[in-house]
Structure formats: structure tokens, C-alpha cells
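Examining the three-dimensional arrangement
Take a look at the letters that make up each chain.
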Amino acid sequence: MLLLIILLDCRFLGVGSESLEDLKTKYANSESKYAPIGDLNIHYRDEGQGPVIILLHGVCSSLHTWDSWAELLKSRYRVIRIDLPGHGLTGPPSDLEKLNLEEGVEVLNKFLEYLKVDSFYLVGNSMGGYISWNYVLKYPNKVQKLVLIDAAGYAQPMPPMIALGSNPIVSPFARHMLPSFMVEKSVDEVYGDPTKITPEIKTRYVDLSRREGNRQAYNYFFRTAREKFTDPKISEGIKLVKTPTLVMWGKEDHWLKLEYAQNWTKDLQNSKFISYEGAGHIPMEEIPDITAKDLVEFLIL
């Protein structure tokens, strides 16, 4: 009984780790593949045939956030999604400094070279959106169209969990523990309609946060976000993006609020903006049917 209490407390406090093999049993499937990129073994799924769509998730998330989109799109597109470094089953590199978001652009490019993909549509949510528009700046000829979903790109107030996790007093402890209740609370925050959150969704987010190294990676991203969210220069390159872009936003996004979303349409030279009533920070996961339909309409224009 004492051992059970200790184990439960460890999970509650977010110390210790889940073995990668156990996590693969739960969160990999027959479509899961692994790409050796540097010292990373990137978990990805490559489904369907047709024009290529690359999907990049946000901070503390995984490729599973695109499950419904993949099902809806793979009949007419080749859908490729990855667990970004420091997330999901991929985990972090040996040197955490290589998690910097500029390096994320290069890791993505090396991954696409590994797959021999050189022309595609690029979709990014939140942190994945930041990587996406920066990728377009460096490799504009490879991306046919860009889709940004509640993307990071402008100086603004930090999301509550990131503000807490990057606090100079809290951060040293957060590198070693991430309580499950905090992960679950962050899931509550990113959904506009909490009634759509199932116990399985919360369990997935908690489990993958416990993959060895991910907790330290999250902490690195939180500290990076604190630095970037307070720097007005973060958005300097956005005006240089010329790729046709669709900006999608949940009106109930409590992490990156709608009032800041208007900056994208002001600064992007060739863009379309759609907002979603009742949806939060991850509308592609929360309302997949509606958002996937809007995506396809944009791609076929």
C-alpha cells in the first residue's frame, strides 16, 4: 500500500518518467515511423496519397492533435505529421540548446530531405506555427501555401502555464517535475468548450509529458517563450512572408487571444483570416470537421 501511495504521488507531482516502450505501446500504431535526424529519432506518420501536407503541433502537444484531420484528409492528400523535438515519442536531443526554434526550422528541413519531399503545404499550430512561418522565410520556394492556426509570432501576454513554468523561481523545479494536474489544467485552457475534453485526451497529454526528457524540454520552451513573448522584434520577419497564407483562430483562445490575431492580416501580404466561435487554441483538434473543410477550400483555390 505504501508503495502504491508513493507511485501515485510521483505521478501526481510529475517526477519520474514513463518508459519509451510503454508509451509506444499506447501511442504508436501501424502508421508510426521513425526518422534518424542527428541524434533524434523523430516519430512521424505518413498517410494517404496526393499533394503533401505537413502538420506541426504546438508546445506540450504531439502529432495526435491532428488525428481527426489525418482521417479527413488522407483520402485526397499525403498527410505527414511529426512529434517535434522535445515532444511526444520523439523526445529531446542530447543538448537541450538544440531545441531553439531556429534549429527547429533546420530539423524540419532535414526531416523533409530525408523523406525527399521538396514541395508541400505547411500547417502549424501555436509553436508549430512559429516554426512554420520562419521556415517559409528561409525556404520560400518549397512551401506552396502556408496555414497558421493560433500561431505564435507577436509580443503579447504569456499563457498562464508558460508564465508559471518559466518564472525564475519556479523554473528550476519545473525542470524536474510537472504535476499531472498542471498538464490537465493546460488542456482545459486550450479548449474553448471543455465538454469536448475526454479523459483519454487528458491522459494522453499527461503520459507524453512523462516521456524521458520531455519535461526538461517543455521547461526549455517555456523559458524561450518568456524571452520571445516580451520581445517586440519577434514579429519582424512576418511582413516578409509572401506565400499565400490562411490564418485560423479560435475566438475562445485563452493562450493567444483573438485581439492579437488581427496583426497577422495586417502584416501578411497575401492572407485570408477565419475565426471560429466557441473554439480555443487548438481548433483543428476541437472542431476538426469545420476546420478541415476550410483548409481544403483554401488549398484548392
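Structure first, text after, so check above.
Basis of the calculations
- Residues numbered from 1 in each chain as written.
- Predicted model: local features only at pLDDT ≥ 70, side-chain atom pairs only at ≥ 80, totals over all residues.
- Heavy atoms only, no water.
- Buried < 20%, exposed > 50% of the residue type's maximum accessible area, 1.4 Å probe, protein only.
- Helix = DSSP H or I, 4+ residues; strand = E, 2+ residues; numbered from the N terminus.
- Pairing = 2+ DSSP bridges.
- Salt bridge = Lys/Arg side-chain N within 4 Å of Asp/Glu carboxyl O.
- 1 Å grid on protein atoms, 1.4 Å probe; cavity = no way out; pocket = protein on both sides within 12 Å on 5 of 7 lines; lining within 4 Å.
- Points joined across faces, edges and corners; volume = space filled by probe spheres on them.
- Nonpolar A, V, L, I, M, F, W, Y, C, P; charged D, E, K, R; others polar.
- Phe/Tyr/Trp six-rings, centres within 6.5 Å; stacked < 30°, edge-to-face > 60°.
- Axes fitted to C-alpha atoms, helices over the stretch in contact; angles between N-to-C directions.
- Parallel < 35°, antiparallel > 145°, perpendicular 65-115°, else oblique.
- Contact = heavy atoms within 4.5 Å.

**What about the pairing of strand β2 (residues 40-47)?**
Within β2, 7 of the 8 residues are buried, which leaves it mostly tucked inside the rest of the structure. A loop of 2 residues connects strand β1 (residues 32-37) with β2, the two strands running antiparallel in sequence, and G38 in this loop sits at a positive phi of about 60 degrees. Sheet analysis places β2 next to strand β4 (residues 78-82), joined by 4 bridges and oriented antiparallel. The residue bridging D46 from the neighbouring strand is I80, located in β4.

**Side note on the pattern of salt bridges**
Overall, the coordinates contain 15 salt bridges when judged by the stated rule. Through salt bridges with shared partners, a single network forms among R45, E47, D67, E71, K74 and R81.

**Digging into empty space enclosed by the protein**
Considering all chains together, one arrives at 3 cavities of 30 Å³ or more under this definition. Taken as a whole, the largest cavity encloses approximately 200 Å³ of empty space. Secondary structure elements with two or more residues in the lining of the largest cavity: α5 (127-138) and α10 (214-229). Per-element accounting of the lining of the largest cavity gives the leading share, 5 residues, to α10. Of the residues that constitute the lining of the largest cavity, the class distribution is 13 nonpolar, 3 polar and 1 charged. Here the lining of the second largest cavity takes 4 residues from helix α8 (residues 180-190), the largest share from any one element.

**Side note on the packing of aromatic side chains**
This model, assessed by the stated rule, comprises 9 aromatic pairs. Consider the rings of Y44 and F111, whose centres lie 5.1 Å apart with planes at 75 degrees: the pair is edge-to-face. Taken together, the residues Y44 in strand β2 and F111 in helix α4 (residues 101-114) connect sequence positions 67 residues apart. In terms of burial, Y44 and F111 fall into one category: buried. Pairing Y135 with Y139 gives two aromatic rings, centres 4.9 Å apart and planes at 40 degrees, and the pair type is tilted. Among the residues examined, Y135 registers a relative accessible area of 0% and is labelled buried. Within the aromatic cluster, the residues linked to one another by ring pairs are Y130, W133, Y154 and W264.

**Some points on the packing of α4 against α5**
Interaxial distance between α4 and α5 falls to 9 Å at its minimum, and their mutual angle equals 70 degrees. As summarised for this structure, α4 and α5 are arranged roughly perpendicular, according to the angle between their axes. Note on element contacts: α5 touches α4 through M127, Y130, I131, N134, Y135 and K138, opposite L101, E102, G104, V105, E106, L108, N109 and L112. Of the residues that constitute the contact of α4 with α5, the class distribution is 8 nonpolar, 3 polar and 3 charged.

Limitation: the analysis is restricted to geometry and does not speak to function.
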